[in-house]
Amino acid sequence: MGKVLIIGCGGVASVAIQKCCQNSEVFSEICIASRTVSKCDALKEKLEGTTKTKITTAQVDADNVEELKALIRKVEPEVVLNLALPYQDLHIMDACLACGVHYVDTANYEPEDTAKFEYKWQWAYRDAYEKAGLTALLGSGFDPGVTSVFSAYALKHYFDEINYIDILDCNAGDHGYPFATNFNPEINIREVSAKGSYWEDGHWVETEPMEIKRVYNFPEIGPKDMYLLHHEEIESLALNIPGIKRIRFFMTFGESYLTHLRCLENVGMTSIEPIMFEGKEIVPLQFLKAVLPDPSSLGPRTKGKTNIGCIFVGKKDGKEKKIYIYNTCDHQECYKEVGSQAVAYTTGVPAMIGAMMILNGTWKKPGVYNMEEFDPDPFMEALNKWGLPWKVSEDPELVD
Ligand code: NDP
């Protein structure tokens, strides 16, 4: 049906690309382009002969808008799926706009020198995309992404009004290392070492990092410690879910992870301020990334499950109602299917689905949109079909 240019060839991209190849009726052609072209070539070689999707590869520096434009003009895709890092979002959005191509990503823009992610930079493109008749779909991963679609689905089918949302991200997988991150270590550590925040009564409430801890008994997993973090979907859901009073985001962390993180922070290894080392400028966090296990190597070692979902509390026909919509995913099952652990899997599958929604016209409308702004039903159906089936619990435990 159509051609997609995929930028990035890391953990998430590798899953999304394999899922596109399983769905070759929609993705008749893909071009995989990244900084290190050998990774793209290796994946192409692994997949060719197993799929009808035609695969090409290219080298690109996604920080260079002119290079991106030249590549887009050469490949002529209908959609660009950005699976590089959040720092590249605006460059890729600029290039798509200049070339008249739709845009999809999984994480919102973050300036490289400030650990602060906000939608304001990407929302500033709304008029330009609308005038150009192009769609930019922001945050088509799991959280944000599927959690945003769960919110739209809950509102459409279960509630007249949603007042409280708690987004829970539980990874009960064990990779056997004392410390490793499940996706890009730099992005992950920037996220968890930042101050926490949640939305309440129309404004942000800021917390110290890891200040708020709760224990939650996750279906199919059991009780886990979880901590309140700032998370990007809170910003858009606060605008798009009418009647909302509070939105919080919690992620589970084990004791070993937190002890290591605290120690690394205390000695300055998580800093993003450049320092001089033996006559060369280095960023401590980027150096740390270089010595940590590569997240894509965790697949064969990681055992256990993830459970990610949203608890909604609100009203239906004048009565109070609560539900938990969630997905559980087994690390080893993901590894068997695509050679990756569940964190990459749960992001890569919705990335493929987001690109499909634009390519087949289901979610095409000019402008810049977050996931909850579209009809959730086709996306929810696609999740069931493409490996992330979801469940609804009508009597969930609440988080106090
Ligand atoms: P990885 O670090 O594994 O992969 C990033 C890829 O982008 C690598 O192939 C890298 O190339 C490439 N890249 C980086 N910079 C450039 C550049 N300037 N030009 C071209 N290519 C570049 O990251 P992940 O796969 O773990 O994460 C990908 C994205 O998914 C991130 O934005 C992350 O925040 C997001 N994410 C979203 C989630 C969600 O639920 N919404 C959950 C998890 C991740 P090279 O191989 O040369 O390093």
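Residues numbered from 1 in each chain as written. Predicted model: local features only at pLDDT ≥ 70, side-chain atom pairs only at ≥ 80, totals over all residues. Heavy atoms only, no water.

Under an unreviewed UniProt entry, the protein chain has the name Saccharopine dehydrogenase family protein and belongs to Claveliimonas monacensis.

The next subject is unusual backbone geometry. With an omega dihedral of 10°, the bond running from Asp143 to Pro144 counts as a cis peptide bond. For Pro144, the position within the fold is in the loop between strand E6 (135–138) and helix H7 (146–157). Phi is positive for Asp201, close to 45°, though the residue is something other than glycine. Checked against the element boundaries, Asp201 lands in the loop between strand E8 (196–200) and strand E9 (203–207). If you check the backbone angles, Glu278 has positive phi at about 45° while not being a glycine. With respect to the secondary-structure elements, Glu278 resides in the loop between strand E13 (275–277) and strand E14 (280–282). (Helix = DSSP H or I, 4+ residues; strand = E, 2+ residues; numbered from the N terminus.)

Surveying the vicinity of the ligand reveals 28 residues, the closest of which are Arg35, Thr36, Lys39, Ala62 and Asn184. Between Asp143 and the ligand, the recorded distance is 3.0 Å, taken from a backbone N or O atom to an oxygen atom. The separation between an oxygen atom of the ligand and a polar side-chain atom of Asn184 is 2.7 Å. About the coverage of the ligand: the protein hides 91% of its 930 Å² of free accessible area. Its residues assigned to classes, the shell around the ligand comprises 13 nonpolar, 10 polar and 5 charged. Here the shell around the ligand spans two domains, since at least three of its residues come from each of domain 1 (2–138) and domain 2 (146–339). (Near = heavy atom within 4 Å. Polar contact = N/O pair within 3.5 Å; in protein donor to acceptor, adjacent residues only side chain to side chain. Areas by Shrake-Rupley, 256 points an atom, 1.4 Å probe, with all protein chains shown as cover. Nonpolar A, V, L, I, M, F, W, Y, C, P; charged D, E, K, R; others polar. Domains from an automatic or database assignment.)

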